[in-house]
Amino acid sequence: MTNAERNQINQRIALLERASALFSRFGGSIPVSIAFLNRWPTQVELYPHWQVGESWKFFLSYSLYFLAWLALDRAISFAKAGLDP
């Protein structure tokens with residue numbers, strides 16, 4: 001691999017890393033805004049059998065965005081480790 005190719009790959013990884021930083025900072029607000037736009041209840045409603053009402057959508061979407069951020073962060077660290085000589 002030439003130095004020009006290595007520099008281009010490093011620039012792309014740096015761009016992906018910046019996008020991951022923005023996603024980690026603002027990714028939690030995405031499920032919150034979706035929940036409010038769809039009028040999902042965001043509070044836990046307890047019923048006689050401790051069932052969670054419609055708020056499971058909110059918690060599920062929030063946890064999926066968190067897992068997506070973790071996967072993106074791990075992918076960046078693997079890409080960086082693969083380029084180190």
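Structure: see above.
What comes next is a walk through the structure. (Residues numbered from 1 in each chain as written. Predicted model: local features only at pLDDT ≥ 70, side-chain atom pairs only at ≥ 80, totals over all residues. Heavy atoms only, no water.)

This next bit is on the overall build of the chain. Within the chain, the regular secondary structure consists of 3 helices and 0 strands. Secondary structure of the chain in N-to-C order comes out as α-α-α. Looking at the chain as a whole, 13% of its 85 residues qualify as buried. Across the chain, contacts joining residues at least 24 apart in sequence account for 58% of those joining residues at least 6 apart. By element, 63% of the accessible surface of the chain is carried by carbon and sulfur atoms, the whole surface being about 6,700 Å². (Helix = DSSP H or I, 4+ residues; strand = E, 2+ residues; numbered from the N terminus. Buried < 20%, exposed > 50% of the residue type's maximum accessible area, 1.4 Å probe, protein only. Contact = heavy atoms within 4.5 Å. Areas by Shrake-Rupley, 256 points an atom, 1.4 Å probe, with all protein chains shown as cover.)

Scanning the model with the defined rule gives 2 aromatic pairs in all. Centroid distance phenylalanine 66 to tryptophan 69: 5.8 Å. Interplanar angle 40°. Geometry classified as tilted. With a gap of 3 residues between them, phenylalanine 66 and tryptophan 69 both fall in helix H3 (residues 56-83), about one helical turn apart. For phenylalanine 66, a relative accessible area of 45% corresponds to the partly exposed category. Of the residues examined, tryptophan 69 reaches a relative accessible area of 24% and is grouped as partly exposed. (Phe/Tyr/Trp six-rings, centres within 6.5 Å; stacked < 30°, edge-to-face > 60°.)

Counted under the stated rule, the structure contains 1 salt bridge. Residue lysine 80 pairs with glutamate 17 through a salt bridge whose shortest N-O separation is 2.9 Å. On the criterion of sequence distance, the pair formed by lysine 80 in helix H3 and glutamate 17 in helix H1 (residues 3-26) is long-range, its members being 63 residues apart. (Salt bridge = Lys/Arg side-chain N within 4 Å of Asp/Glu carboxyl O.)

Next up on the list: the packing of H1 against H3. Viewed as axis vectors pointing N to C, H1 and H3 meet at an angle of 160°, and their least axial separation amounts to 10 Å. By the angle between their axes, H1 is roughly antiparallel relative to H3. As H1 runs across H3, the sense of the crossing is left-handed. Between H1, through Arg6, Ile9, Asn10, Ile13, Leu16, Glu17, Ser20, Phe23 and Ser24, and H3, the contact on the second element is made entirely by Tyr65, Ala68, Trp69, Leu72, Asp73, Ile76, Ala79, Lys80 and Leu83. Counted by class, the contact of H1 with H3 contains 11 nonpolar, 3 polar and 4 charged residues. (Axes fitted to C-alpha atoms, helices over the stretch in contact; angles between N-to-C directions. Parallel < 35°, antiparallel > 145°, perpendicular 65-115°, else oblique. Left-handed = near helix turned anticlockwise from the far one by under 90°. Nonpolar A, V, L, I, M, F, W, Y, C, P; charged D, E, K, R; others polar.)

Taken together, the side chains of Trp56, Leu60, Leu64, Phe66, Leu67 and Leu70 define a hydrophobic patch exposed on the protein surface, amounting to about 590 Å² of accessible area. Note on placement: leucine 70 falls in helix H3. (Patch = residues over 30% accessible without salt bridge, like charges linked within 9 Å, V, L, I, M, F, W, Y side chains within 5 Å.)

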